[in-house]
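Results of the structural survey
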Amino acid sequence: MPGTTFTVDAFKYGALDFCTAYFLTHFHSDHYGGLTKGFAGEIYCSRITANLVISKFRIDPRQVHALPMNTRCIVQGVYVTLIDARHCPGAAIILFEVPEGGKLMRIVHTGDFRAADRHVLNAVHTSPMVDYIYLDTTYLEPTYSFPKQHQVVDVVGEFCYRIDSDSEYLPAALNLLFVVGTYTIGKEKLFIEIARRLRSKIYVPQDKRRLLDCFQSTSLSNMLTDAMDEAQVHAVPMSMVNMRGMAEYLHTVQAAAPSFTRVVAFSPTGWSHAGPYIPGRQHTPSPIPHMSDDSGESFGVEKLKPRGLSDRVAIFPVPYSEHSSFAELARFVCSLKAGQVLPTVYSTSDKNRQANDWLCHW
């Protein structure tokens, strides 16, 4: 980070001579990659992320410094504030305020985030001036316009309740098994809501259970079970959510719970959803300082359409994104008076040029 001896999500470079504090925004492998048990540096992150790092890598807890959320802390003479990134549990936007010549240089590193009004409010404190924004640009294309997270969660929960209780939806089904694709961590809101609506336990494998226990959530722990036959809702790796994978998974589950006759699976990702953008058309966003909960595309049960369907498996793509949409990125950047905006996600050279054009425009 400029003006500091800090790095953010830079473990893949190994030990760096100049670095005195290694910050980790969240516990996804593309951000903690390179971190191992023998890592000797001082790590700073949220409490949940600290628990996950210690659990997975067996790093000495004395090296892992858990900072509280929404609290201005001092790390080696620099003010540091962690802000909930709305990405996965423990994910944080980091605001650095670096003393420099009687002033504070202000740096925002978003990590991966789903932008919201409160991010701007937390970041600006008394001034919207920010010297640098390191921005999650995963969906920096006008094609991507997502419904609000809470709306998608509510709709999927309602959909599962309806098809489980009304034979009109899936008349061939006698006993449905609901499966949600997940990453190492992330997508928990979906399977928790489905289980709540169905009054079901949630089955997760032992390795996943160990990670979820790091959240230190009593309410979540009480919903989990290690027995496949005790839960109508299962969480599995996202890579398994395809027709063959789900058919094989149902076969495995039926050995323990033969009453399940059909799988209804969900693949929750922003990549499954694109808005009405016409390639080649020049879109010029205006500064939009407000991100209300009503912004974004509407989403209802009628929009859930199966991507794959057989007599035993139904798979539904769900536009549940834990990254910001194009419009949300525009509002976030335009709400802050930034000296420089630096993208943290790169793709093809053409898309990089287009992304830089958008960022310069904002």
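The structure under discussion appears in the preceding block.
Residues numbered from 1 in each chain as written. Predicted model: local features only at pLDDT ≥ 70, side-chain atom pairs only at ≥ 80, totals over all residues. Heavy atoms only, no water.

Another aspect to go through is the side chain of T182. With respect to the helices and strands, T182 occurs in strand 10 (residues 176-182). Apart from the residues lying within four places of it in its own chain, the contact partners of T182 are K187, F191, K208, A235, V236, P237 and M238. (Helix = DSSP H or I, 4+ residues; strand = E, 2+ residues; numbered from the N terminus. Contact = heavy atoms within 4.5 Å.)

To continue, consider the pairing of strand 9 (residues 129-135). Note: strand 8 (residues 103-109) against strand 9, 3 bridges, orientation parallel. Counted as the bridge partner of V108 is I133 from strand 9. (Pairing = 2+ DSSP bridges.)

Read across the sheet, 4 strands follow the order 1-2-3-4 without closing on themselves; strand pairing throughout is parallel. In this open sheet, the two strands that pair with only one neighbour each are strand 1 (6-8) and strand 4 (64-67). Along the sheet, successive strands turn relative to each other by an average axial angle of 30 degrees, direction set aside. Here 4 bridges tie strand 3 (residues 43-46) to strand 4, and the two strands are oriented parallel to one another. The partner of S46 across the bridge, within strand 4, is L67. Sheet contacts for helix 2 (residues 47-57): strand 3 and strand 4; angle to strand 3, the most-contacted strand, approximately 125 degrees. (Axes fitted to C-alpha atoms, helices over the stretch in contact; angles between N-to-C directions.)

This brings us to the nonpolar core. With 71 residues, the main nonpolar core has F178 and F266 as its most contacted residues. Take this core: its biggest share by element is 7 residues, from helix 4 (residues 149-165). Ranked by size, the runner-up nonpolar core spans 18 residues in total, among them V75, L82, I107 and Y134. (Core = buried A, V, L, I, M, F, W, Y, C linked by side-chain atoms within 4.5 Å. Buried < 20%, exposed > 50% of the residue type's maximum accessible area, 1.4 Å probe, protein only.)

On to helix 5 (residues 188-198), then. Where helix 5 is concerned, the buried positions are E188, L190, F191, E193, I194, A195 and L198. Two residues or fewer after helix 5 comes R199, characterised by a positive phi angle close to 55 degrees.

Now for the packing of aromatic side chains. The geometry of an aromatic ring pair is captured by the separation of the ring centres together with the interplanar angle, meaning the angle of the planes. This model, assessed by the stated rule, comprises 17 aromatic pairs. Measuring from centroid to centroid gives 6.3 Å for F27 and F57, while their planes differ by 65 degrees, and the two rings are edge-to-face. With a gap of 30 residues between them, F27 in the loop between strand 2 (21-23) and helix 1 (29-32) and F57 in helix 2 connect regions that are remote in the sequence. On the accessibility criterion, F57 (11% relative accessible area) is buried. In this structure an aromatic cluster arises from ring pairing among F6, F23, Y44 and F96. Across the ring face of F57, the terminal group of K56 is positioned such that the distance to the ring centre comes to 5.8 Å. The ring of Y79 has R72 sitting right over it, with the charged end atom 3.9 Å from the ring centre. (Phe/Tyr/Trp six-rings, centres within 6.5 Å; stacked < 30°, edge-to-face > 60°. Lys NZ or Arg CZ within 6 Å of the ring centre and 35° of its normal.)

This next bit is on the pairing of strand 6 (residues 78-84). Most of strand 6 sits inside the fold, with 5 of its 7 residues counted as buried. Following strand 5 (residues 73-75), the chain reverses through 2 residues before pairing antiparallel with strand 6; Q76 in that reversal takes a positive phi of roughly 50 degrees. Note: strand 6 against strand 7 (residues 92-100), 6 bridges, orientation antiparallel. Its bridge partner lying in strand 7, I83 is registered against I93.

Remark: helix 4 packs on helix 5, axes separated minimally by 9 Å, with the N-to-C direction vectors making an angle of 40 degrees. Looking at the two axes, helix 4 sits oblique to helix 5. For the pair helix 4 and helix 5, the crossing hand works out as right-handed. Between helix 4, through Q149, V152, V153, D154, V156, G157, E158, C160, Y161 and D164, and helix 5, the contact on the second element is made entirely by K189, L190, E193, I194, R197 and L198. Class assignment of the residues belonging to the contact of helix 4 with helix 5 gives a composition of 8 nonpolar, 2 polar and 6 charged. (Parallel < 35°, antiparallel > 145°, perpendicular 65-115°, else oblique. Left-handed = near helix turned anticlockwise from the far one by under 90°. Nonpolar A, V, L, I, M, F, W, Y, C, P; charged D, E, K, R; others polar.)

To continue, consider the side chain of D9. Within the element layout of this structure, D9 appears in the loop between strand 1 and strand 2. Lacking a salt bridge, the buried D9 has K12 as its closest oppositely charged neighbour, with an N-O distance of 9.9 Å. Within polar-contact distance, the side chain of D9 engages the side chain of H31 at 2.7 Å. Setting aside anything within four residues of it in sequence, one finds D9 in contact with F23, L24, T25, H31 and H109. (Lys, Arg positive; Asp, Glu negative; His and termini not counted. Salt bridge = Lys/Arg side-chain N within 4 Å of Asp/Glu carboxyl O. Polar contact = N/O pair within 3.5 Å; in protein donor to acceptor, adjacent residues only side chain to side chain.)

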